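# Descriptive analysis of the structure
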Amino acid sequence: MHPNMKKVLISEEQIVQRCSELGKQISDDYRNNAQPPLLVALLKGSVPFLAELIKHIELEIQFDFMAVSSYEGTESIGDIKINKDLDCSVKGVDILLVEDIVDTGKTLQTVKAMLKNKGAASVRVVTLLDKPERRTVEIEADYVGFAVPNEFVVGFGLDFNQKYRNLPYVGVLKEECYQTTA
């Protein structure tokens, strides 16, 4: 365990197992569609989750990326900024939005609305983590890896100031690592 972690919340083995279950469920849900969904991963945090999840989806999927930001340090600032848009058209396409964590829900709400405005046939969401205690808007993911408590989590793509993304597990960061003295 990294010395800056208070505890490991979700092990690498648990993540792989849950991705296998989610992949099967997604495959079953989309198997009879005319076309498989386009997976749209939100950079950067969702990349490890996307990489593990697609190993377990038994469809001929494609994926693309969007970069959006709403955080400064440990807090969501509520203002969603699109830093990188999709490379392809989504008109008439079923979208499966891949997210690392659903926190306040504002980013997800904004991105879903944007994709629908671009003509997506449908927009569903798969998230590695769900933190329902922090929700400030009415939105839920269609597929959830793990519900987590209201603690500052890092690892498996989630970061604090761009650090800890490469940890193979999800851990709770020690408070002294992100608290500042006034």
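Here is a short report on the structure shown in this document.

Calculation notes
Residues numbered from 1 in each chain as written. Predicted model: local features only at pLDDT ≥ 70, side-chain atom pairs only at ≥ 80, totals over all residues. Heavy atoms only, no water. Helix = DSSP H or I, 4+ residues; strand = E, 2+ residues; numbered from the N terminus. Rg over C-alpha atoms; globule rule 2.2 N^0.38 Å. Buried < 20%, exposed > 50% of the residue type's maximum accessible area, 1.4 Å probe, protein only. Contact = heavy atoms within 4.5 Å. Lys, Arg positive; Asp, Glu negative; His and termini not counted. Charge placed at Lys NZ, Arg CZ, Asp CG, Glu CD. Core = buried A, V, L, I, M, F, W, Y, C linked by side-chain atoms within 4.5 Å. Pairing = 2+ DSSP bridges.

Each helix and strand in the chain was counted, giving three helices and nine strands. The secondary structure elements of the chain, listed N-terminal to C-terminal, are β-α-β-α-β-β-β-α-β-β-β-β. Relative to the globule expectation of 16 Å for 182 residues, the C-alpha radius of gyration of the chain, 16 Å, shows essentially globular dimensions. Judged by the C-alpha coordinates and their principal axes, the chain covers about 55 × 35 × 25 Å. The 182 residues of the chain split such that 47% are buried. A sequence separation of at least 24 residues applies to 68% of the contacts in the chain between residues at least 6 apart. Looking at the chain, you have 21 positive and 27 negative side-chain charges, and the mean spots of the two groups are 2 Å apart.

By size, the foremost hydrophobic cluster in this structure holds 28 residues, and its most contacted members are I15, I26, F49, V126, L128, L129 and V170. At the level of elements, helix 1 (12-30), strand 2 (38-43), helix 2 (47-53), strand 5 (94-102), strand 6 (122-130), strand 7 (143-147) and strand 9 (170-173) are the ones that each hand at least two residues to this core. When residues of this core are assigned to their parent elements, the largest contribution, five residues, is made by helix 1. Here I26 is in contact with L53, I57, L59, L96, V126 and Y143, once residues within four sequence places are set aside.

All right, on to the sheet that holds strand 1 (residues 5-10) then. Ordered in space as 1-9-8, the three strands form an open sheet in which the pairing is antiparallel. Sheet topology places strand 1 and strand 8 (153-154) at the edges, where each strand pairs with a single neighbour. Pairing of strand 1 with strand 9, which is carried by four bridges, proceeds in the antiparallel orientation. Note that in strand 9 the partner of M5 across the bridge is L173.

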